[in-house]
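Architecture at a glance
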Amino acid sequence: MLTHEVVVDPFLLCLPNPCNSLEELEDFIHAIVGWRGFLDRKETQVLLSDSVRIALNDDNEFPHRHKLSELIKKFDCSIADANTISKIATAILERTPTLEDHFGIDAVLADDKSFACEPELILDRLKDNCRDAFKDDLIITGIQDNVRSDEGEDPSLMVASGLGGALSIPELDAIEISADIHDFESAITIGDGKTEFPISISLQLPIVFSHEQLLGSLDLWAIWDGASSEEAVCSCIDTCVRNLIDSGVSEQAVKEFIIGDGFVESLHKWGASSRHDYAMVTVESCARIVLGIPKNPVNEFRETSEGSSKQRSREDGALAFRTHLTKKGVGLRLMFWHHTDGTIEFANIGGKGELEIV
């Protein structure tokens, strides 16, 4: 199985419309050029559907070499020429196999009322045909993830997107989709071939907006090594801490941390050892807690669900805390101890009904 599968958001290939500044144009060009070297990585499958290819043409989004030439001339842009950009975009469009062929799934019948994508702007910034096509791509990806999760396989999925359309800063690191599926056609045997409908899918997909951002994620994934040991998990969190500091996060509040005896076991129990999305959100959440900038609100872990209940503590004086990792699906939580000397001990992860810290 391939190490990484990258689903292309059609917005990555859409010219800024309207394009109001040289900065907007250069952001688009940098996003496209950044993927040039990545297309040749053998361990990665870049996936774009036939539906998206057709939709880009129907929405008059591609080919765009003539429009791009006009914009380059208008803003006196010197960082790249229209021919080079068009060749890279075409190379992405012509990648084989298509998303449908790679996953072996097409002609999906989903309940439109049940479909949800958060944040919605990921789809809303696309024109009608591209929005519908990318929505189908996400559903197909969700079905494949659902099957692989049942079989204990590693999905290794992520989305490559572009900035713009009310998303000017890459603060987003994942999108969440859910839907009820009534039927789908498959060119290959999916699972045991005896799927009982309807099925519900729920998936959190990591999203990246640059080649560099993706490489950072892949480096962490390699270090993670399937949560094979406490050392691998610790090294991965350490690397993420350093990456955040390098990106400009203050290190003044950084704390020491250790991996609790039951942490690795819980990662395997809840699938974070093999699922890229679960693993990366766990790593980033741990790193941000170490840096004093938690990804999600941190709450006291109380002895009961009652708000007035006492916070759990240990004989050594350590206090228990918990925070969200994911809010949909199993609703993963991260539990950790705060030692009296300030050290953080990552104890375990668990589902939303989990009332245990080890």
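Notes on the structure in this doc start here. Here the structure is a predicted model, which is why all the values come from computation and not from measurement.

Side note on the overall build of the protein
The helix and strand inventory of the protein stands at eleven helices and twelve strands. The 358 residues of the protein split such that 51% are buried. A separation threshold of at least 6 residues defines the contact pool for the protein, and within that pool the share at least 24 residues apart is 70%. Per element, the accessible surface of the protein, about 16900 Å² overall, is 47% carbon and sulfur.

Regarding a negative patch on the surface
A cluster of acidic side chains, namely Asp101, Asp106, Asp183 and Glu185, defines a negative patch on the protein surface. With respect to the secondary-structure elements, Asp101 resides in helix H5 (residues 99-103).

Focus: the side chain of Asn296
Here Asn296 lies in the loop between helix H11 (276-291) and strand E9 (298-300). Here Asn296 falls in the buried class, since its relative accessible area comes to 17%. If sequence neighbours within four positions are ignored, Asn296 has contacts with Thr323, His324, Leu325 and Lys327.

Overview of the nonpolar core
Counting residues in each nonpolar core, the largest one holds 68 residues, and the members touching the most others are Leu25 and Leu138. Counting residues per element, this core draws most heavily on helix H7 (residues 128-151), at seven residues. Leave out the neighbours within four places in its chain, and Leu138 touches Cys117, Leu123, Val159, Ile175, Ile177 and Leu205. The next biggest cluster of nonpolar side chains, apart from the first, holds 35 residues, and it includes Trp224, Phe321, Leu334 and Ile349.

A short note on the packing of helix H1 (residues 22-33) against helix H4 (residues 82-93)
At their nearest, the axes of H1 and H4 sit 9 Å apart, and the two run at 50° to each other. One finds that H1 runs oblique with respect to H4. In this structure, the crossing between H1 and H4 has a hand that is left-handed. Together, Phe28, Ile29, Ile32 and Val33 of H1 and Ile85, Ile88 and Ala89 of H4 make up the contact between the two elements. Taken together, the residues of the contact of H1 with H4 break down into seven nonpolar, no polar and no charged.

Some details on the pairing of strand E12 (residues 344-350)
Counting buried positions along E12 gives seven out of seven residues, so the element sits mostly inside the fold. Here three bridges tie strand E8 (residues 257-259) to E12, and the two strands are oriented parallel to one another. Paired with Ile259 across the two strands is Phe346, which belongs to E12. Here strand E11 (residues 333-338) runs beside E12; their pairing, made up of six bridges, is antiparallel. Note on E12: the bridge partner recorded for Leu334 is Ile349. Taken together, E11 and the strand that follows it, E12, pair antiparallel across an intervening segment of five residues, in which Gly342 is found at a positive phi of about 95°.

Criteria and thresholds
Residues numbered from 1 in each chain as written. Predicted model: local features only at pLDDT ≥ 70, side-chain atom pairs only at ≥ 80, totals over all residues. Heavy atoms only, no water. Helix = DSSP H or I, 4+ residues; strand = E, 2+ residues; numbered from the N terminus. Buried < 20%, exposed > 50% of the residue type's maximum accessible area, 1.4 Å probe, protein only. Contact = heavy atoms within 4.5 Å. Areas by Shrake-Rupley, 256 points an atom, 1.4 Å probe, with all protein chains shown as cover. Patch = residues over 30% accessible without salt bridge, like charges linked within 9 Å, V, L, I, M, F, W, Y side chains within 5 Å. Salt bridge = Lys/Arg side-chain N within 4 Å of Asp/Glu carboxyl O. Lys, Arg positive; Asp, Glu negative; His and termini not counted. Charge placed at Lys NZ, Arg CZ, Asp CG, Glu CD. Core = buried A, V, L, I, M, F, W, Y, C linked by side-chain atoms within 4.5 Å. Axes fitted to C-alpha atoms, helices over the stretch in contact; angles between N-to-C directions. Parallel < 35°, antiparallel > 145°, perpendicular 65-115°, else oblique. Left-handed = near helix turned anticlockwise from the far one by under 90°. Nonpolar A, V, L, I, M, F, W, Y, C, P; charged D, E, K, R; others polar. Pairing = 2+ DSSP bridges.

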